[in-house]
Amino acid sequence: MGVFVFLPLVLPLTAWPVARLAEQHLHPRTATRLLTAMAAVLALCSTVCLGLVMVVGTAQLPGNPLPDGWSDPEVRAAVPFDEVVGKAAIPALCAVVVACARTLWRHTRVRRRAHRALAGLPDTEVAVLPDGVPYAYALPGGRRGGGALRGGRRGGVLAGGRPSGDARRGGRPGDGELRGGAGRRDRGRRGRVVVSTALLDRLRPAERRALFAHERAHLVARHDRFLLTVQLAARANPFLRPLRTAVAYTAERWADEEAARAVGSRRTVARAIGTAALVSRGTPAPTLAGLAAPGPVPRRVAALLGPPPAVRNWPSVCTSVGLAAWGAAAGTAVSAMSSANSAVTLVLILRAATPL
């Protein structure tokens, strides 16, 4: 094994350049998938590295339940500076497990509480809550089937049973509103869009359509999985935090572009984002996506006011982002090979040191 066992701990640094360049030069969909995959592999490799080093450190502790042969000098020689790093890996790995468990627990708790809060509402795709606090987010994991956003009809009924904003103000026909209880059925999607009346009252009808299209894009693409993956990766290795920040931004940009394509106006989506960002309190958890999620909102608005990004599955090697992507891919591959080689080597050493 040698010093190669420590490479997965520091190789996430090779992904820092692409984390910055991908969000600027790649299509948001490509950037989100690329950075999430790299973060997941690098986090897994660094966790395996900690586990391998911890085995050596744990075997040296008195009273451990491991076989006596695991603390032999031949085993300890497989890890450089085994007396220091072996024991230091024990609290480090425990901290990683606790941090990841807390992230999963919080994500699950927020989703369950949100679903329980919506249990008494009609089983529609969009749940509009009569709340004085402005917010909107995509809640994944709901049952299949639900209402959809329909235009061409004024004065709909909100999911909570209240008249919609235009109905209370006497808006003109043709404004386009949400029908919470009726509406066509959409059997192919899961999850619900949760939005408060306080936020809807601050948006124009066209901006409301942009809001629902944005949140629906989060549900269709299951952005919560990408966000949860990079959150866990950043907990496993702090060097992966730039990738977590980048994916949080590119996932929102992905939904922005889908919303702009759905409503047919990039400027309308930009206005909806700017308005929601000024009044919304964001999402209840960083693993849930929303229109006004914390982050560089001015950059999102500026991107929407420009031309749509080009769709490329992989950047050209002749560009800066291409060089960064290939460098990160090489670092990820080396990390995977190093952790696999170290795992196989340690298993063979432990088998040889374990008496039959």
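Along each chain, the written sequence defines residue order, and numbers are assigned to residues from 1. Where totals are concerned, whole chains, interfaces and linings use all residues; where local detail is concerned, this predicted model gives features only for residues with pLDDT of at least 70, and gives and counts side-chain atom pairs only at 80 or more. Excluded from the side-chain calculations are hydrogens and water; all other atoms, namely the structure's heavy atoms, are used.

Attention shifts here to the overall build of the chain. Think of it this way: any DSSP run of H or I at least four residues long counts as a helix, any run of E at least two long counts as a strand, and we number them from the N terminus. Scanning the chain from terminus to terminus reveals 13 helices and three strands. Across the 356 residues in the chain, those meeting the buried criterion constitute 48%. Sequence-distant contacts, at least 24 apart, represent 79% of the contacts inside the chain between residues at least 6 apart. With the model as given, the accessible surface of the chain reaches about 16,500 Å², and the carbon-plus-sulfur share is 60%. Exposure is judged per residue with a 1.4 Å probe applied to protein chains only, and the accessible area is read against the type maximum: over 50% gives exposed, under 20% gives buried, and values in between give partly exposed. Here, residues are in contact when the closest pair of their heavy atoms is within 4.5 Å. Accessible surface area values rest on a Shrake-Rupley calculation with a 1.4 Å probe, where residue burial reflects the displayed protein chains alone.

Time to look at the sheet that holds strand E3 (residues 192–196). At least two DSSP bridges between two strands are required for those strands to pair. Reading across from one edge, E1-E3-E2 is the order of the three strands in this open sheet, with mixed pairing throughout. Edge positions in the open sheet fall to strand E1 (126–129) and strand E2 (136–139), since each of these has one partner strand only. Taken pair by pair, the neighbouring strands of this sheet meet at an average axis angle of 20°, ignoring direction. Direction of pairing for E1 relative to E3: parallel, over a ladder of four bridges. Where helices are involved, their axes are fitted lines through C-alpha atoms of the stretch in contact, as for all axes, and angles between N-to-C directions lie from 0 to 180°.

Turning our attention to the packing of helix H8 (residues 205–221) against helix H10 (residues 241–263). Each pair of packed helices can be summarised by the angle the axes make with each other and by the distance between the axes. Where H8 contacts H10, the two axes come as close as 8 Å, and the packing angle between them is 125°. With respect to H10, the element H8 is oriented oblique. Classified by chirality, the crossing of H10 by H8 is right-handed. From H8, Arg-209, Ala-210, Ala-213, His-214, Ala-217, His-218 and Ala-221 reach across to H10, where they touch Ala-251, Glu-252, Trp-254, Ala-255, Asp-256, Glu-258, Ala-259, Ala-262 and Val-263. Small angles under 35 degrees read as roughly parallel and large ones over 145 as roughly antiparallel, with 65 to 115 read as roughly perpendicular and the rest as oblique. Crossings are sorted by hand: turned counterclockwise from the far helix by less than a right angle, the near helix makes the crossing left-handed, and turned clockwise it makes it right-handed.

By the element assignment, Val-194 lies in strand E3. Its relative accessible area of 1% is what places Val-194 among the buried residues. What Val-194 contacts, discounting residues up to four positions off in sequence, is Leu-118, Ala-127, Leu-129, Tyr-135, Ala-136, Tyr-137 and Leu-139.

With that out of the way, let us pick up the nonpolar core. In globular proteins that are soluble, nonpolar side chains generally tend to be buried together. Among the buried residues, those of types Ala, Val, Leu, Ile, Met, Phe, Trp, Tyr and Cys that are joined through side-chain atoms within 4.5 Å form a nonpolar core. Counting 43 residues, the largest nonpolar core has Val-18 and Leu-243 as the members making the most contacts within it. Secondary structure elements with two or more residues in this core: helix H2 (16–25), helix H3 (28–60), helix H5 (82–117), helix H9 (223–236), H10 and helix H13 (320–353). Ranked by residue count, the leading element in this core is H3, at twelve residues. Residue contacts for Val-18: discarding those within four places in its chain leaves Leu-34, Leu-35, Met-38, Val-321, Ala-324, Ala-325 and Ala-328. Formed by 13 residues, the second largest nonpolar core is a distinct cluster that contains Val-128, Val-193, Leu-211 and Ala-276.

A few words on the pairing of E3. Of all five residues in E3, five are buried; the element is thus mostly enclosed. Judged by which residues are buried, E3 turns out to be covered on both faces: Arg-192, Val-194 and Ser-196 on one side and Val-193 and Val-195 on the other are all buried. Direction of pairing for E2 relative to E3: antiparallel, over a ladder of four bridges. Considered in E3, the bridge of Leu-139 is made with Arg-192.

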